Amino acid sequence: DTGVSQDPRHKITKRGQNVTFRCDPISEHNRLYWYRQTLGQGPEFLTYFQNEAQLEKSRLLSDRFSAERPKGSFSTLEIQRTEQGDSAMYLCASSFSEDVRYGYTFGSGTRLTVV
Amino acid sequence: AQSVTQLDSHVSVSEGTPVLLRCNYSSSYSPSLFWYVQHPNKGLQLLLKYTSAATLVKGINGFEAEFKKSETSFHLTKPSAHMSDAAEYFCVVSDWMDSSYKLIFGSGTRLLVRP
C-alpha cells in the first residue's frame, strides 16, 4: 500500500456539468475524510466516513455535493451542476480510528477548475 | 471552538540560515497540534505532532516545534534551510466539534528559500 490515492489529479469542467472524484484510502484505515482547499487558504473539512457510514457533513457541503463510501473502502465525491466557486483542490485523507492525535494521511488531491 | 493563527503568510530566508514559522492557537483544553507541509501540486505531508508528551517535538527533515502552553504557541523551526524546504506549511489543531475530533488548519505560511 502506497498511501492515499486520488483520481483524477486535475479536472477542468464547464459550469453546470457534473464531476466525480475518487479516493482510495490506506487499506487498514476505517476513517475517510474529504477536505476542500481554495487558493491561499488552509484545507476546510467537508465530510467524513467511518467504514461505510457517513457520520458528518459540514455546512460547507451544499445539496449539490454528495459523497459515498459504499463498501467501506474507496469513496467518491460528486458535485452536480458545478459553479465557478467550486474551483478548488479537493483533498482526501484517511486514519485508523477516531484518535486524531496521530494525524491523518492525505492524498495528493484533485484540482478542480470550473470554467 | 478551537482555532489556529499563522502569523506570517510568507517567510523568506537564505539557504543555510534558520527557519522560524510562527503559530498560535486558541484552546479550552490540551490540544493535539501538528505541522503539515505541502509542496506544489503535492498532498499534505505530516512533519511532526504534539500529543501531550514532550513539549519539544522533533519531526522529519530536521524540523522541530516547541509547545508553549503559557504562550499558546507551537512555532516551527529548523536550524539551516535547504532549497528543498520551499513549500507551504500548515499549523493544525485538533478540535472536538459536532461529536467528533477534526483537524482545523491555519491559513498557511509560504516558505521561500533564496540561494
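See the structure printed just above.
In this text, all values refer to a predicted model and were calculated from it rather than measured experimentally.

Caption draft 1: Spotlight on the overall build of chain B. Looking only at helices and strands, chain B has zero helices and twelve strands in total. Its helices and strands in sequence order give chain B the pattern β-β-β-β-β-β-β-β-β-β-β-β, from N to C terminus. Taking 2.2 N^0.38 as the reference for a compact globule, 115 residues should give roughly 13 Å; the C-alpha atoms of chain B span a radius of gyration of 14 Å, in line with that estimate. Taken across its 115 residues, chain B has 43% of its residues classed as buried. The long-range fraction of contacts in chain B, counting pairs at least 24 apart against all pairs at least 6 apart in sequence, stands at 56%. Working note: accessible area of chain B is about 5,400 Å², and carbon and sulfur atoms make up 53% of it. One way to put it: in chain B the 10 positive side-chain charges average out to a point 3 Å from where the 9 negative ones average out.

Caption draft 2: Examining the interface of chain B and chain A more closely. Each partner contributes to the interface: chain B provides 22 residues, whereas chain A provides 22 residues. With both sides pooled, the region where chain B packs onto chain A buries about 1,800 Å², and carbon together with sulfur makes up 55% of that total. There are zero salt bridges connecting chain B and chain A. Linking chain B to chain A there are three residue pairs in polar contact (both at pLDDT 80 or more). Of the residues in the side of chain B that touches chain A, the class split is nine nonpolar, nine polar and four charged.

Caption draft 3: Main features of the state of the cysteines. Residue and element names in this part refer to chain B. Counted according to the given criterion, the structure contains two disulfides over all chains. The side chain of Cys23 participates in a disulfide bridge whose partner is Cys91; the two sulfur atoms lie 2.0 Å from each other. Between Cys23 and Cys91 the disulfide shows an S-S torsion of about -70°. By sign, it is left-handed. Of the two residues, Cys23 sits in strand β4 (residues 23-26) while Cys91 sits in strand β10 (residues 87-97), which places them 68 residues apart along the sequence. In this pair, the class of Cys23 matches that of Cys91, namely buried.

Caption draft 4: Up close: the side chain of Asp85(B). Residue and element names in this part refer to chain B. Within the secondary structure, Asp85 sits in the loop between β9 (73-78) and β10. Polar contacts involving the side chain of Asp85 include one to the side chain of Lys78, which spans 2.8 Å. Discounting chain neighbours no more than four positions away, the residues touching Asp85 are Phe63, Lys78, Ser80, Leu111 and Val113.

Caption draft 5: Inspection of the pairing of strand β5 (residues 44-50) of chain A at higher detail. Residue and element names in this part refer to chain A. Most of β5 sits inside the fold, with five of its seven residues counted as buried. Relative to β5, strand β4 (residues 31-37) runs antiparallel, the two being bridged by six bridges. Residue pairing for β5: Tyr33 is matched across the bridge by Tyr48. Here β4 folds back onto β5, and the loop between the two strands holds six residues, one of which, Gly40, carries a positive phi near 80°.

Caption draft 6: Representation of the sheet that holds strand β1 (residues 5-7) of chain A. Residues and elements named next belong to chain A. Taken in spatial order, the four strands of this open sheet run β1-β3-β8-β7, and their pairing is antiparallel. Of all the strands in the sheet, the pair left with one neighbour each is β1 and β7 (65-68). Across the sheet, the axes of successive neighbouring strands diverge by a mean angle of 15°, strand direction being ignored. Inspection of the sheet shows β7 paired to strand β8 (residues 75-79) by four bridges, in the antiparallel sense. Note on β8: the bridge partner recorded for Ser66 is Glu78.

Caption draft 7: A look at the environment of Glu66(B). Residues and elements named next belong to chain B. With respect to the helices and strands, Glu66 occurs in strand β8 (residues 64-68). Residue Glu66 is classed as partly exposed on the basis of its relative accessible area, which comes to 37%. Taking the C-alpha atoms as reference points, Glu66 and Val11, 55 residues apart in sequence, are found 19 Å from one another.

About the criteria used
The written sequence of each chain sets the order in which its residues are numbered from 1. Chains and ligands are labelled by the order in which they are written, letters from A for the one and numbers from 1 for the other. Residues qualify for local features only when their pLDDT is at least 70, as the model is predicted, and side-chain atom pairs are given and counted only at 80 or more; totals for whole chains, interfaces and linings, by contrast, use all residues. Excluding hydrogens and water, the side-chain values take into account all heavy atoms of the structure. Strands here mean DSSP runs of E at least two residues long; helices mean DSSP runs of H or I at least four residues long; both are numbered from the N terminus. Only C-alpha atoms enter the radius of gyration, while the globule expectation follows 2.2 Å times N to the 0.38, with N the number of residues. Classification of residues uses two cut-offs on accessible area relative to the type maximum, computed with a 1.4 Å probe and protein chains only: under 20% is buried, over 50% is exposed, and between them is partly exposed. By definition, residues are in contact when any of their heavy atoms lie within 4.5 Å. Accessible surface is estimated by sampling points in the Shrake-Rupley manner with a 1.4 Å probe; for residues, cover comes only from the protein chains shown. As used throughout, the charge tally considers Lys and Arg to be positive and Asp and Glu to be negative, leaving His and the chain termini uncounted. A single reference atom marks each charge: NZ on Lys, CZ on Arg, CG on Asp, CD on Glu. Take the accessible area each of two parts loses on contact, using a 1.4 Å probe, and add the two losses: that sum is the buried area. Salt bridge criterion: a side-chain nitrogen from Lys or Arg within 4 Å of a carboxyl oxygen from Asp or Glu. Two N or O atoms count as a polar contact when they lie within 3.5 Å, although within protein this holds only if one can serve as hydrogen donor and the other as acceptor, and sequence-adjacent residues are included solely when both atoms are side-chain atoms. When residue character is reported, Ala, Val, Leu, Ile, Met, Phe, Trp, Tyr, Cys and Pro are called nonpolar, Asp, Glu, Lys and Arg charged, and the others, Gly included, polar. Here, the term disulfide refers to a pair of cysteine sulfur atoms separated by no more than 2.5 Å. Here, any two strands with at least 2 DSSP bridges between them count as paired. Axis definition: a line fitted to C-alpha atoms, over the contacting stretch in the case of helices. Angles run 0 to 180 degrees between N-to-C directions.

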